[in-house]
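# Tertiary structure, described
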Amino acid sequence: MTRRVPARDVVVFTRLFATMIGAGLPLVQSLNILGRQTEHRGFRRVIRGMVRDVESGETLSGAMGRHRRVFSELSVSMVAAGEAAGALDTILGRLADFLEQHGALARKVRAALIYPAMIFAVTVPAVAILLVFVIPTFESMFASAGVPLPAPTRLVIAASAVVQGYWWALLGAVPLPALAVRRALGTSRGRLFMDRLMLSVPILGGLLRRAAVSRFTRTLGTLVASGVSILQGLEVTARTAGNRVIHDAVMSSRAAIERGETIARPLEESGVFTPMVVRMVEVGEQTGALDEMLTRVADFYEQEVDTALEALIAMVEPAMIVVLGVVVGGMIVAMYLPIFEMITAVG
């Protein structure tokens, strides 16, 4: 089985492929060049397999479709449309643009999560060390002195006793929530519930909603502009939405088109898309410029996501520092309270 190919390698492959085809190089020769220069061994094997498939009479989209771990359904659909329209270089260029924009957004999201993850990784070991090694020393000292302990100190000592006595149960309980979430996501109803829940979370839900709308409009706009039929474009967009709520709304739009209705009404009824998005889609349908309208909406919401990410990072960084200070600092202060009282009593 092919190891997962880094997204950046796929983007570079697509961009160079579009350049070579646009320059007039034959398809097989272009693939051979790209296969020789790629550094990822698994991707090199995939490209060589595509060369063999194309030489045996398979279409490029068909050859790509044999490697779904590397090429998404969106990529395969766009290449198929490009082959049918005789504009493969143009379609590959659009696909490279889309992959680059999507990759840039994903990198920004990952960057926003790095700082909270680092703070969490520092806080948990620090608290564990305090509870297991430091607090028992203070407890022994207070027991030998026979001083009355204030409520915060008793609370910290009780937490230390729980960690020391039931550390195995705490470690065993750590993966349970992750397993429960994973099992829930494995079912249709569970996935729908979790996606609705995530979209309703304050601040984060708004960010996820903007990102989902941006992904939907960018994907569908790129497919429609590439000559993919609106029905096939909606189906591909729904499968690559990454959110069950968006998926159901898009599939409802697809069913509405099959009944002779418009795309806009099911999108509006879903409650996920803002009135601006619905009206832009409606205008695009009426004017025959749906791809242009979707691209404009995608540009707007990508800027919104950038702004929301910056605001979220600006809020999370000080909040995490405060949490770290309150937890660790609060434990230390709680253990020194009896000492302060002893000094006051002696004085």
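Remember, it's a predicted structure, so these values are computed and weren't measured experimentally.

Parameters at a glance
- Residues numbered from 1 in each chain as written.
- Predicted model: local features only at pLDDT ≥ 70, side-chain atom pairs only at ≥ 80, totals over all residues.
- Heavy atoms only, no water.
- Helix = DSSP H or I, 4+ residues; strand = E, 2+ residues; numbered from the N terminus.
- Rg over C-alpha atoms; globule rule 2.2 N^0.38 Å.
- Contact = heavy atoms within 4.5 Å.
- Areas by Shrake-Rupley, 256 points an atom, 1.4 Å probe, with all protein chains shown as cover.
- Lys, Arg positive; Asp, Glu negative; His and termini not counted.
- Charge placed at Lys NZ, Arg CZ, Asp CG, Glu CD.
- 1 Å grid on protein atoms, 1.4 Å probe; cavity = no way out; pocket = protein on both sides within 12 Å on 5 of 7 lines; lining within 4 Å.
- Points joined across faces, edges and corners; volume = space filled by probe spheres on them.
- Nonpolar A, V, L, I, M, F, W, Y, C, P; charged D, E, K, R; others polar.
- Phe/Tyr/Trp six-rings, centres within 6.5 Å; stacked < 30°, edge-to-face > 60°.
- Buried < 20%, exposed > 50% of the residue type's maximum accessible area, 1.4 Å probe, protein only.
- Salt bridge = Lys/Arg side-chain N within 4 Å of Asp/Glu carboxyl O.
- Expected span 1.5 Å × (residues − 1).
- Patch = residues over 30% accessible without salt bridge, like charges linked within 9 Å, V, L, I, M, F, W, Y side chains within 5 Å.
- Core = buried A, V, L, I, M, F, W, Y, C linked by side-chain atoms within 4.5 Å.
- Axes fitted to C-alpha atoms, helices over the stretch in contact; angles between N-to-C directions.
- Parallel < 35°, antiparallel > 145°, perpendicular 65-115°, else oblique.
- Left-handed = near helix turned anticlockwise from the far one by under 90°.
- pLDDT = per-residue confidence, 0-100.

If you tally the helices and strands in the chain, you get 16 helices and 0 strands. For the chain, whose C-alpha radius of gyration is 28 Å, the value lies well above the compact-globule estimate of 20 Å for 347 residues. The dimensions of the chain, computed from C-alpha atoms along their principal axes, are 90 × 50 × 35 Å. Intrachain contacts of the chain at a sequence separation of at least 6 include 60% that bridge at least 24 residues. In the form shown here, the chain has an accessible surface area of approximately 19,100 Å², with 63% of it arising from carbon and sulfur atoms. Looking at the chain, you have 34 positive and 29 negative side-chain charges, and the mean spots of the two groups are 7 Å apart.

Right, let's talk about empty space enclosed by the protein for a bit. Here the structure, examined in full by the defined rule, presents 1 cavity of 30 Å³ or more. Taken as a whole, the largest cavity spans an internal volume of roughly 50 Å³. In this structure, the largest cavity is lined by Val10, Phe13, Thr14, Met64, Phe71, Ser75, Val79, Leu92, Leu95 and Leu99. Mapped onto the lining of the largest cavity, the elements with two or more residues apiece are α1 (7-22), α5 (73-85) and α6 (88-145). Its residues placed into classes, the lining of the largest cavity shows 8 nonpolar, 2 polar and no charged.

Before going further, it helps to spend a moment on the packing of aromatic side chains. A ring pair, where both rings are aromatic, is described by two values, the distance of the centres and the angle of the planes. According to the stated counting rule, one finds 8 aromatic pairs in the structure shown. Aromatic pair Phe13 and Phe71: ring centres 5.8 Å apart, planes at 50°, arrangement tilted. Of the two residues, Phe13 is situated in helix α1 and Phe71 in the loop between α4 (60-65) and α5; the sequence distance between them amounts to 58 residues. Judged by its relative accessible area of 5%, Phe13 falls in the buried class. An aromatic cluster of three or more residues is present, and its members are Phe13, Phe17, Phe43 and Phe71.

Taken as a whole, this structure holds 15 salt bridges when the rule is applied. When the shortest N-O distance is used, the salt bridge between Asp97 and Arg15 registers 2.5 Å. One end of the pair, Asp97, is in helix α6; the other, Arg15, is in helix α1, and 82 residues separate them in sequence. By sharing partners, the salt bridges in this structure join Arg15, Asp97 and Glu100 into a single network.

Let us look at the environment of Arg265. Looking at the element boundaries, Arg265 is found in helix α14 (residues 264-270). With relative accessibility at 33%, the residue Arg265 sits in the partly exposed group. A C-alpha to C-alpha distance of 49 Å links Arg265 and Leu171, two positions 94 residues apart in sequence. Not counting chain neighbours up to four residues away, the residues in contact with Arg265 comprise Ala256 and Arg259.

A word on helix α13 (residues 244-258). Over its 15 residues, α13 extends 21 Å from the first C-alpha to the last, a length consistent with the 21 Å expected when each residue adds 1.5 Å. Among all positions in α13, only Val245, Ile246, Ala249, Val250, Ser253, Arg254 and Ala256 are buried. With its phi angle positive at about 90°, Gly260 sits one or two positions after the end of α13.

Where like charges cluster on the molecular surface, the positive patch consists of Arg41, Arg45, Arg48 and Arg52. As for its position among the elements, Arg48 is in helix α3 (residues 41-55). When its relative accessible area of 48% is taken as the criterion, Arg48 is described as partly exposed.

Grouped together as the largest cluster of nonpolar side chains are 35 residues, with contacts concentrated most on Phe13, Phe17, Leu31, Phe43, Met50, Leu60 and Phe71. When contributions to this core are tallied by element, the ones reaching two or more residues are α1, α2 (27-37), α3, α4, α5 and α6. With 7 residues, α1 is the largest single contributor of residues to this core. Residue contacts for Met50: discarding those within four places in its chain leaves Phe13, Leu31, Leu60, Ala63, Met64, His67 and Phe71.

Let us now look at the packing of α5 against α6. Across the interface, α5 lies against α6 with an axial gap of 8 Å and an inter-helix angle of 160°. As summarised for this structure, α5 and α6 are arranged roughly antiparallel, according to the angle between their axes. Relative to α6, α5 is oriented so that their crossing is right-handed. Packed against α5, whose contacting residues are Leu74, Ser75, Met78, Val79, Gly82 and Glu83, the element α6 presents Leu88, Ile91, Leu92, Arg94, Leu95 and Phe98 at the interface. Residue composition of the contact of α5 with α6, by class: 8 nonpolar, 2 polar and 2 charged.

Let's shift gears to the confidence of the model for the chain. Put simply, the chain has an average pLDDT of 83, and 98% of its residues get 70 or more. Taken element by element, the predicted model of the chain shows its lowest mean pLDDT in helix α8 (residues 167-173) (73) and its highest in α3 (93).

Turning next to the packing of α1 against α3. Taken N-terminus to C-terminus, the directions of α1 and α3 make an angle of 40°; their axes are 12 Å apart at the nearest point. Of the two elements, α1 crosses α3, and the hand of that crossing is right-handed. Residues Asp9, Val10 and Phe13 of α1 pack against Phe43, Ile47 and Met50 of α3. Grouping the constituent residues of the contact of α1 with α3 by class yields 5 nonpolar, no polar and 1 charged.

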